[in-house]
Amino acid sequence: MVDVGGKSTTDRTAEAEGYVSLTEAIMQALLDRTAEKGDVLTIAETAGIMGAKRTPELVPLCHNINLNSVQLHCTLDRDRRVVHISCTVAAREVTGVEMEALTGVSVAALTIYDMCKGIDKGMTIGPIRLVRKSGGKSGSYLMEERPEGAV
C-alpha cells in the first residue's frame, strides 16, 4: 500500500459511470417490472452502495477510508436499450475516492446481470469509467467529452 500518512485531509469527490446493454426481452421485463428476482434497478442501486462501502475488501491495495456519502442511480434508457449507472462518492480523507465510485458502478452492473440472466444472458457490461474527481494533490479531473453517438 502507498503510505498516505503525510498527506493532508481534504474534501474529495469522484463520480463514475457505466452501462449495461440489454436485450429486448430484458428491457421489456424491466419496463413491466416482471423480473422474477424483484425490482432490479432498486436492488442494483442498494448493491452498488454496499459495494462502494466495501471497496478495500475487494481491491487488495485500496485504503480503508470513511465515506461521507455514496449516491448511486440506475436509469433505464429505452432508446439506447441500456441501464446507465452513476455513482458519486464523497469523503474528507487523505486519499481519493475514485475506486469507491468505480466499484459502486461495477457492483450495480453485476447485480443487474445476476438478476436478469434468467431472462437472457446476452447483456453487455461497459464501458465503466471515471467521469470526474476533485480534491487531493492531483487536483481535479474531468473526462473528455464522448464522441457523438458513443455510449
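Please refer to the structure higher up on the page.
In short, a report on the structure. (Residues numbered from 1 in each chain as written. Predicted model: local features only at pLDDT ≥ 70, side-chain atom pairs only at ≥ 80, totals over all residues. Heavy atoms only, no water.)

1. Quick look at the nonpolar core
Then, number 1: Core analysis: the biggest nonpolar cluster contains 31 residues, and V20, L22, V40, C74, V83, I85 and I112 have the highest contact counts within it.
Then, number 2: Listing elements by their share of this core, those giving two or more residues are β1 (10-21), α1 (24-32), α2 (40-53), β2 (69-77), β3 (82-93) and α4 (98-116).
Then, number 3: When residues in this core are grouped by element, the largest group, seven residues, is from α4.
Then, number 4: Those residues within four positions of C74 in sequence are excluded, and the remaining contacts are L41, A44, E45, V83, H84, I85, A108 and I112. (Core = buried A, V, L, I, M, F, W, Y, C linked by side-chain atoms within 4.5 Å. Buried < 20%, exposed > 50% of the residue type's maximum accessible area, 1.4 Å probe, protein only. Helix = DSSP H or I, 4+ residues; strand = E, 2+ residues; numbered from the N terminus. Contact = heavy atoms within 4.5 Å.)

2. Description of the environment of C74
Then, number 1: When you line up the elements, C74 lands in strand β2.
Then, number 2: The buried category is assigned to C74, whose relative accessible area is 9%.
Then, number 3: Separated by 57 residues in sequence, C74 and E17 have C-alpha atoms that sit 9.8 Å apart.

3. Side note on the pattern of salt bridges
Any two side chains of opposite charge can pair, on the condition that their charged atoms come close.
Then, number 1: Under the definition given, this model contains nine salt bridges.
Then, number 2: The partner of E15 in a salt bridge is R132, and the shortest N-O contact between them spans 3.0 Å. With E15 in strand β1 and R132 in strand β4 (residues 124-134), the pair connects residues that are 117 residues apart, well separated along the chain.
Then, number 3: Taking the relative accessible area as the measure of exposure, R132 reaches 29% and is therefore partly exposed.
Then, number 4: Ionic pairing is found between D114 and K37, a salt bridge with its closest N-O pair at 3.3 Å. Of this pair, D114 sits in helix α4 while K37 sits in the loop between α1 and α2, and the two are 77 residues apart along the sequence. (Salt bridge = Lys/Arg side-chain N within 4 Å of Asp/Glu carboxyl O.)

4. Let's talk about the state of the cysteines
Then, number 1: Counted according to the given criterion, the structure contains zero disulfides.
Then, number 2: Looking at C74, it has no disulfide partner, and the nearest cysteine sulfur is the one in C87, 9.6 Å off. (Disulfide = S-S within 2.5 Å.)

5. Some remarks on unusual backbone geometry
Then, number 1: Cis rather than trans, the peptide bond between G126 and P127 has omega equal to 0°.
Then, number 2: Structurally, P127 can be placed in strand β4.
Then, number 3: Positive phi, close to 55°, is recorded for R33, a residue that is not glycine.
Then, number 4: Position of R33 relative to the elements: it lies in the loop between α1 and α2.
Then, number 5: Here R33 falls in the exposed class, since its relative accessible area comes to 66%.
Then, number 6: With a phi close to 55°, R81 is a non-glycine residue in the positive phi region.

6. Structural notes on the sheet that holds strand β5 (residues 141-142)
Then, number 1: If you walk across this open sheet you meet the five strands as β2-β3-β1-β4-β5, and the pairing is antiparallel. Single-partner strands in this sheet number two, and they are β2 and β5.
Then, number 2: Packed onto the sheet, α1 meets β2 and β3 and runs at close to 115° relative to β2.
Then, number 3: Packing of α2 onto the sheet brings it into contact with β2 and β3, and relative to β2 it is tilted by some 150°. (Pairing = 2+ DSSP bridges. Axes fitted to C-alpha atoms, helices over the stretch in contact; angles between N-to-C directions.)

7. A word on the pairing of β2
Then, number 1: Of the strand pairs in this sheet, β2 and β3 are connected by nine bridges, and their pairing is antiparallel. What sits directly across from S69, in β3, is A90.

8. Structural notes on a nonpolar patch on the surface
Then, number 1: Taken together, the side chains of L110, I125 and I128 define a hydrophobic patch exposed on the protein surface, amounting to about 240 Å² of accessible area.
Then, number 2: Tracing the backbone shows I125 in strand β4. (Patch = residues over 30% accessible without salt bridge, like charges linked within 9 Å, V, L, I, M, F, W, Y side chains within 5 Å. Areas by Shrake-Rupley, 256 points an atom, 1.4 Å probe, with all protein chains shown as cover.)

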